[in-house]
Each structure stands twice: as structure tokens, then as C-alpha cells.
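Report on the structure
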Amino acid sequence: MEQPSVRELQPLLDAVRVACELCRRVQASKAGVNRKSDASPVTIADYGAQALICRAIARSFPEDGVIAEEGAEAFLSVPPEERERVVRMVGKLLGERVTEEHFVRWLGHGRGVRADRVWVIDPIDGTEGFIHGRGYAVCVGSLVEGTPRDGIIGVPVSPLDEGGTLFFTDGGSAWAETLEGSEPRALHVSDRADPRSIRVVESYVMGRRSREMADRVYAAADFDARRAKRYDGMVKYALVAAGAADLFIRGPRDIRKNPHKTWDHVAGTALVRAAGGQVTGLDGREVDFSQGAELRGTLGLIASNGLIHSRVVEAMARAAGEEWGFLPRPE
């Protein structure tokens, strides 16, 4: 399959912009929070953003498959007044009549479809940040024959642009523009390699084991942990792609009980790679994205500017490899 051009991806760029505006309105209204079967939080903005993106896929790429975080069945368990509210908001933003039947059909579009290209959607990556008035990201990535190809990350609360940033790939390169639609600017990872200058980004909320592991790895690599900044959602990948950060480590977890999810990483991986960076597992090996919604067998991920990648992998092996049962990738 040929590399899509921005003209082909334009419907999805437009959909992410509208989804970001929906999220802003819902966040400002302080809408209630529901809980999914796994007790994770979800809001009507999650469902609305996914419906908007799936609508664009159904219209522009109807033969493609979809892997997405939210489901129509869960949406139908939301209180009726909340369902009615988000359906009405989506219709107002689109300028057309939208019914709950439309909305549910969009949410389920493409699920289970086997295709060369599969779109992977995280409608709000960083829901906890969204709920607490912090940052978050609206994310769409593509897998072509199981490999990350393209990524779009909409960041309404952006550390780079007042008014928000839209990060995206086009023709194998990485780009960014404001959510309002400024002239696109090319992105490239940084050329920083001196350990003392490395800029690290972290998840806003980290478990105890991930926190301990990260501190050990930074020390083993001679990175100054005091330079680390915390963000919600996939904006961390975007900052590495933009050269504003050099390293992001998604720490290990018990993958038997809580495996990493595909939608948390595809768009960011595609963007970092298009910007000249590198994304691997904690052991330096390629991540297998071909298994559906879960990254089974992947303990965690490292995204970097590439120049420091081997240093981080080696530091990871020294600091945590024995604990987690892996060694650095052979050279």
C-alpha cells in the first residue's frame, strides 16, 4: 500500500479537529464520569470523539478495519440524558441531524474487519488528565500489515502552541500545525546526546514500580531526573517527535493482568519514527503491533531521539533487566 498523502488523510485531520473542540466543550462543562467494566473512567467526550473519527473512516476509508478503545454497548449503558446530550453536541458541531442510531453505528464501524490497513483510535488518551482539567490527546494511528504507518495526535492543551497543536504524519515525514490551522511545520527529533542535557517526559501518574524503575534507569544512564516533565496522554510521543523532549519510557507492568493497549502507542510510534526517532520495547526489540487491541508480550516501550536509544536500553538492562527477565538487544 502506498504511503497516504495529507490529502487522503485530510478527512481524519478534520475529524480530529472537531473531536478536540467537542472535548473542550465537554471538559468546560464538567460532565460526569462513568466507569467501564474494568473500573477505568470514561466520559461522553470519549464516545463523542470516537464517533466523529469513525464517521470519517466510514465515509473515506470504508474498507479499512478499526481498533478503538470505546464500544457501542458500553455507550448504551450511559444514562439516557447523557447519551442525548453528546449526540446533540456532535450534531451541532457537524451542522447536521444526528440520531443515537447514527452515533451507535459510527462507534462500531470497522470492528473485526480484516484489512491491510487498520485504524487505531484512542479518542481521549489521558482521560484522568481530561477529568481533572489537565491535558489529554485525541489520537488516531494506522497499522499497515501490523506495522505503525501514520499517526494523528490532537492536543487541545499544548505545551508548544497556544490554542492547541495538531501533530500528524504525511508521506513518511512528521508535521505539526495549530488546531486552528496554521501553516504546517516540519518536525524532527533532537540531536541531543550529552546525558546532562537530555530532556525526559513522563506520565503524569506513575505506579510505584514504574517510578522506581525509571529513577534507576535515569541514574544508570547519567540523566538528570530533575529535568523530567510530566504530561497526560500521547503528547509525550509528540514532544519527542518535535525535538522538545528526547526520551519517554512507558514503564513495565504485569502484562498477564494488565497488558499495554495498542491504541496507547500506535499514533505516537508512527509520529516519532516519521520524525527520525526510535521506538522499541524495553529490551530494544521491535514491538509486535499485529495482535489486535493488546500488546501481548510487551513489558513496556522506549521512545527516543534515536541517538540515545542504545544507552537507554543498556541502562534499562543494568537497572531492571534481571528483575523483568530481559537483556539488551544484541548489536
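So, here is what we can say about the structure in this document.

Observations concerning the overall build of the protein chain
Each helix and strand counted, the protein chain has 10 helices and 14 strands in total. Relative to the compact-globule value of 20 Å for 331 residues, the protein chain shows a C-alpha radius of gyration of 19 Å, a close match. Overall, the C-alpha framework of the protein chain stretches about 55 × 40 × 40 Å when taken along its three principal axes. Buried residues in the protein chain amount to 55% of all 331 residues. Summarising the internal contacts of the protein chain: among those between residues at least 6 apart in sequence, 69% fall at separations of at least 24. Total accessible area on the protein chain is roughly 14500 Å²; 46% of this is exposed by carbon and sulfur atoms.

A word on the nonpolar core
Most often, soluble globular proteins keep nonpolar side chains buried together rather than apart. Membership of the largest hydrophobic core comes to 46 residues, with the highest contact counts inside it found for L12, V16, C23, I53, I57, F103 and I121. Residue contacts for F103: discarding those within four places in its chain leaves Y47, G48, A51, F75, V86, V87 and V90. The next biggest cluster of nonpolar side chains, apart from the first, holds 35 residues, and it includes L143, A174, A176 and Y237.

Some points on the sheet that holds strand β14 (residues 301–304)
Spatially, five strands are ordered β11-β10-β12-β14-β13 in an open sheet, and the strand pairing comes out mixed. Strand pairing shows two members of the sheet lacking a second neighbour, β11 (229–231) and β13 (278–281), which therefore form its edges. When the angles between neighbouring strand axes are averaged without regard to direction, this sheet yields 25 degrees. Summarising the sheet, strand β10 (residues 200–203) and β11 pair through three bridges and their orientation is parallel. Across the sheet, the residue bridging to S203 is Y231, located in β11.

Structural notes on the sheet that holds strand β4 (residues 117–125)
Spatial strand order, β3-β4-β5-β6-β7-β8-β9: seven strands in an open sheet with mixed pairing. Both edges of this open sheet fall to β3 (65–68) and β9 (185–187), since each of them pairs with a single strand only. Put simply, the sheet's adjacent strands are angled 25 degrees from each other on average, direction ignored. With seven bridges connecting them, β4 and strand β5 (residues 137–144) associate as antiparallel partners.

A word on the pairing of β5
Of all the eight residues making up β5, eight are buried; the element is thus mostly covered by neighbouring parts of the structure. The alternating pattern of β5 places A137, C139, G141 and L143 on one face and V138, V140, S142 and V144 on the opposite face, and all of these are buried. In the sheet, β5 pairs with strand β6 (residues 147–155) via seven bridges, with the strands oriented antiparallel. Within β6, the position partnered with G141 by the bridge is G151. Hairpin connection from β5 to β6: two residues lie between these consecutive antiparallel strands, with E145 at a positive phi of about 50 degrees.

A few points about unusual backbone geometry
With phi around 50 degrees, E145 is a residue other than glycine that occupies positive phi space. Along the chain, the position of E145 falls in the loop between β5 and β6. With a relative accessible area of 65%, E145 lands in the exposed category. Its identity as a non-glycine residue notwithstanding, D222 has a phi of 65 degrees, on the positive side. On the secondary structure map, D222 appears in the loop between α7 (208–221) and β11.

With respect to the packing of helix α2 (residues 44–60) against helix α4 (residues 80–94)
When two helices pack together, you describe them by how their axes are tilted relative to each other and by the distance separating the axes. Contact geometry for α2 and α4: axes closest at 10 Å, N-to-C directions at 40 degrees. As summarised for this structure, α2 and α4 are arranged oblique, according to the angle between their axes. When the axes of α2 and α4 are compared, the crossing they make is right-handed. Here I44, G48, L52 and R55 of α2 lie close against α4, whose contacting residues are E82, R85, V86, V90 and L94. Taken together, the residues of the contact of α2 with α4 break down into five nonpolar, one polar and three charged.

Quick notes on the side chain of T127
Summarising the element assignment, T127 is placed in helix α6 (residues 127–131). On the basis of relative accessibility, which here comes to 12%, the residue T127 falls in the buried class. Dropping the residues within four chain positions of it, T127 is found in contact with P41, T43 and D46.

Overview of the environment of M234
Positionally, M234 belongs in the loop between β11 and α8 (235–241). Residue M234 is classed as buried on the basis of its relative accessible area of 2%. Spatially, the C-alpha atoms of M234 and H260 are 14 Å apart, while their sequence positions differ by 26 residues. Other than its neighbours up to four places away in sequence, M234 contacts D125, A137, C139, I153, W263, D264, H265, A267 and G268.

What to know about helix α9 (residues 266–274)
The buried count for α9 comes to seven of nine residues, which makes it a mostly enclosed element. Taken residue by residue, α9 has V266, A267, G268, T269, A270, L271 and V272 as its buried positions. Directly beyond the C-terminal end of α9, a positive phi value near 100 degrees is found at G276.

Conventions used here
Per chain, residue numbering runs from 1 following the sequence as it is written. In keeping with the model being predicted, local features are shown solely for residues with a pLDDT of at least 70 and side-chain atom pairs are shown and tallied solely at 80 or more, while totals for entire chains, interfaces and linings include all residues. Derived side-chain values reflect all non-hydrogen atoms in the structure, with water molecules and hydrogen atoms excluded from consideration. Secondary structure is summarised from DSSP: a helix means a run of H or I of at least four residues, a strand means a run of E of at least two, and numbering begins at the N terminus for each. Radius of gyration here is computed from C-alpha atoms only, and the compact-globule reference equals 2.2 Å multiplied by the residue count raised to the power 0.38. Summary of the burial criterion: residues with accessible area below 20% of their type's maximum are buried, those above 50% are exposed, and those between are partly exposed, where the area comes from a 1.4 Å probe applied to protein chains only. Every residue pair with non-hydrogen atoms within 4.5 Å of one another is taken to be in contact. Using the Shrake-Rupley algorithm and a 1.4 Å probe, accessible areas are obtained, with residue cover drawn only from the displayed protein chains. Residues belong to a common nonpolar core when they are buried Ala, Val, Leu, Ile, Met, Phe, Trp, Tyr or Cys residues joined through side-chain atoms within 4.5 Å. Being paired, for any two strands, means DSSP has found at least two bridges between them. To obtain each axis, a line is fitted to C-alpha atoms, and for helices this fit is confined to the stretch in contact; angles are then taken between N-to-C directions over 0 to 180 degrees. An angle below 35 degrees is read as roughly parallel, one above 145 as roughly antiparallel, one from 65 to 115 as roughly perpendicular, and any other as oblique. Here a crossing is taken to be left-handed if its near helix is turned anticlockwise relative to the far helix by less than a right angle, and right-handed if that turn runs clockwise. Nonpolar residues are Ala, Val, Leu, Ile, Met, Phe, Trp, Tyr, Cys and Pro. Charged residues are Asp, Glu, Lys and Arg, and all others, Gly as well, are polar.

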